[in-house]
Amino acid sequence: MKLSPLLMTLAVPVLCCTTDRLTSGNTRVVGSLLAERQSLPLVYDVENTGANYAKPVFPAFDQLASMWILPDPFRSFAGGPPQLSFASWSRRRAEIKAAIENYEIGAKPDPSDVDVAATFANDTLTVVVTRKSNGRSLTLRSRINLPAGNGPFPAVIGMTFFGSGGTGSLPSDIFTSRNIARIPYYHDQVTKYFASDHAGDPYFYLYPEYHVGNGAGNVGQYSAWAWGVSRLIDGIQVAARQGSLPIDVSHLAVTGCSYAGKMALFAGALDERVALTIAQESGGGGAPAWRVSHAIEPNGTVEKIDNTNYTWFMQGMRAFSADNVYKLPHDHQELMAMVAPRALLVTGNTDYTWLSNRSAYVSARGAQETYRELGVGDRFGFYIDGGHAHCNVPAVERPVIEAFADRFLLGLNVTTDVEIHPYPDLEYQGWMPWSLRSDIGQLLAAGALTADQAAGLSDKLDAALASIAAAKSTSALHQLDAFVNQVNGFIRIGALTPEQGAALIAKVTSTRARLGA
């Protein structure tokens, strides 16, 4: 297994913080060798950088292998070794997108079939989306709150029913005090949140081939809502180019809470023009991994595939209820990972069991590891606390949200490597044995292992992960045993300390338990 140069940088600490500027193309952190070696984009100027890749051919449901861990975000559905270079991430991200659309929310329509016209007047942005193939149109209107001055201003897009706040459930002064424009996204202009029949919704007038609910839905509302956010961003770009709307389109954020937290997460994951995604208390179908919720929470206590809203998600996802959830080729740590290398902050609220906060924590650890492997671990954060109302932001949480806004909307150099949670004893490592890649990379970078020793461990790990992905548990257990034997050998010869070896073995032991051993 070839060791990625990205993994070899993971042991380099980020030494922060001073107040310095960040450009949209450079993640410079003063004093950090990692930042000097990695200069990954903070945002893109297109909706989907992987649009030209062919979609994977997914097997029939009864041919899907059961996977008892969180799927490896860097391993292609086609098999083969994980692709660990950042250059390959766009292709892999496109594969994950295809899986999410295929199994969960239905297709997000290709924007090449629409024309977008926009005007900004009397503080209102009007976006007319016309479908080329049938001539039908949909109109989005948003009353934009601009700061005083000439701009251009960064902006936050808040998921909402009504009103003109434009910050979702986040306190508006976080943004007004920073001269950040506020743009409400009225999701009912696309498809209605409360409705028994969606046939008359504007989106389904535009796309009559799509249906939701009633047992025959081939698309979910989260696909439609994410499409609507993208078309709103199209309109913002059009009006900004015209000179009528002073918005900095390279510094856009999306946010929402609860059902709208899911909406924000899907919108940010599926549109790479979003620089910052803040998914607040999103619950099942958002940050929590479907597998983990099923495995660790009693039925009926949290939102699972068995009991979610099947107008939000496509009807076909019902097939993955109960133990069939392990057949799902992806999971929601990968939905969050799709935001990378752009910034993502997710929050939870332990006062509300339904939100599946423990699963959100495990899933967040998986997303965090993906960001680490890409070399941008400080662009992801999670904050799971309690003691406040649903969708309320307590005072202790505000500085974290402010830091993400400061760094990713204003370009200030502040700390955004955040992991706040109440679960010190909740086991998560067995869900993500692929995180051992980072551990091996750190040991190599620290000089504890030679390149050959690290490669030997990596080869055994990759063989085990390939077996797990193919549901060959017996082979995987043997390969994990070989990994442990080699670690013990390195301890005996003094290459690894007992403590270093024990940390690696502990992860393997946890994974063996996940596989039923």
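Only a predicted model underlies this, so the values are computations on that prediction, with no experimental measurement involved. (Residues numbered from 1 in each chain as written. Predicted model: local features only at pLDDT ≥ 70, side-chain atom pairs only at ≥ 80, totals over all residues. Heavy atoms only, no water.)

Enquirer: Even after reading the chapter, I still don't get the state of the cysteines, so can you show me in this structure?
Expert: Here is the idea: a disulfide is a covalent bond, and it sits between the sulfur atoms of two cysteines. Within the structure shown, the criterion is met by one disulfide. Shown here is the disulfide that connects Cys257 with Cys391, its sulfur atoms set 2.1 Å apart. Judged by the torsion about the S-S bond (-95°), the Cys257/Cys391 disulfide is left-handed. Taken together, the residues Cys257 in strand S6 (residues 247–257) and Cys391 in the loop between strand S9 (380–385) and helix H10 (398–408) connect sequence positions 134 residues apart. As far as the burial class goes, Cys257 and Cys391 line up, both buried. (Disulfide = S-S within 2.5 Å. Helix = DSSP H or I, 4+ residues; strand = E, 2+ residues; numbered from the N terminus. Buried < 20%, exposed > 50% of the residue type's maximum accessible area, 1.4 Å probe, protein only.)

Enquirer: What exactly am I supposed to notice about the pairing of strand S1 (residues 114–121) here?
Expert: It is a general feature of regular strands that their side chains alternate between the two faces of the sheet. Relative to strand S2 (residues 124–131), S1 runs antiparallel, the two sharing eight bridges. The residue of S2 that forms the bridge with Val114 is Arg131. Joining the antiparallel neighbours S1 and S2 is a turn of two residues, in which Asn122 adopts a positive phi near 55°. (Pairing = 2+ DSSP bridges.)

Enquirer: What is the right way to look at the pattern of salt bridges in this model?
Expert: When their charged atoms lie close together, side chains carrying opposite charge are able to pair. Applying the stated criterion across every chain yields a total of 30 salt bridges. We note a salt bridge from Arg273 to Glu47, for which the minimum N-O separation is 3.8 Å. On the criterion of sequence distance, the pair formed by Arg273 in the loop between helix H6 (259–270) and strand S7 (276–280) and Glu47 in the loop between helix H1 (33–37) and helix H2 (89–105) is long-range, its members being 226 residues apart. By relative accessible area, which is 3% here, Arg273 ends up buried. Residues Glu402 and Arg178 are paired through a salt bridge, measuring 3.9 Å at the closest nitrogen-oxygen approach. A residue pair is termed long-range when its members are at least 10 positions apart, and Glu402 in helix H10 and Arg178 in the loop between helix H3 (173–176) and strand S5 (181–186) qualify at 224 residues. Residue class for Glu402 comes out buried when judged on its relative accessible area of 17%. The structure contains a network of salt bridges with shared partners spanning Glu47, Lys108, Arg231, Asp234, Asp271 and Arg273. (Salt bridge = Lys/Arg side-chain N within 4 Å of Asp/Glu carboxyl O.)

Enquirer: Looking at this structure, I do not really get the sheet that holds S6. What am I missing?
Expert: Think of a sheet as strands paired side by side through backbone hydrogen bonds, with each pair either parallel or antiparallel. Strand order in the open sheet made by the seven strands is S5-S4-S6-S7-S8-S9-S10, with parallel pairing throughout. Only two strands of the sheet have a single neighbouring strand rather than two, namely S5 and strand S10 (418–420). Within this sheet the neighbouring strands show an average axis-to-axis angle of 15°, counted without direction. Bridge analysis of strand S8 (residues 343–349) against S9 gives six bridges, and the strand direction is parallel. Counterpart to Gly348 in the pairing with S9 is Ile384. The strands touched by H6 are strand S4 (153–160), S5, S6, S7 and S8; relative to S6, the strand with the most contacts, the crossing angle is about 145°. Seen against the sheet, helix H9 (residues 357–373) touches S8, S9 and S10 and runs at an angle of roughly 165° to S9. (Axes fitted to C-alpha atoms, helices over the stretch in contact; angles between N-to-C directions. Contact = heavy atoms within 4.5 Å.)

Enquirer: I tried to follow the side chain of Arg365 on my own but got confused; where do I start?
Expert: Within the element layout of this structure, Arg365 appears in helix H9. Dropping the residues within four chain positions of it, Arg365 is found in contact with Phe382, Glu419, His421, Tyr428 and Met432.

Enquirer: How should I be thinking about the confidence of the model for the protein in this particular structure?
Expert: Reading predicted coordinates in detail is not appropriate for stretches of low pLDDT. Counting all residues, the mean pLDDT for the protein is 92, and 93% of those residues have values of 70 or more. Predicted confidence is poor over residues 1–37, with pLDDT under 50, and the contacts of this stretch with residues over four places away or in other chains come to 94 contacts. (pLDDT = per-residue confidence, 0-100.)

Enquirer: Can you walk me through H2 in this structure?
Expert: For the α-helix, the turn length of 3.6 residues means that residues three or four positions removed from each other point alike. Among the 17 residues of H2, 15 are classified as buried, and the element is accordingly described as predominantly covered. One or two residues past the end of H2 sits Gly106, with phi positive at roughly 80°.

Enquirer: Would you explain the sheet that holds S1 in this entry?
Expert: Read across the open sheet, the three strands follow the order S1-S2-S3; overall the sheet is antiparallel. Edge strands, defined here as strands with exactly one partner in the open sheet, are S1 and strand S3 (137–143). With direction set aside, neighbouring strand axes in the sheet form an average angle of 15°. Along the sheet, helix H5 (residues 221–242) contacts S1, S2 and S3; its crossing angle with S1, the most-contacted strand, is approximately 60°.

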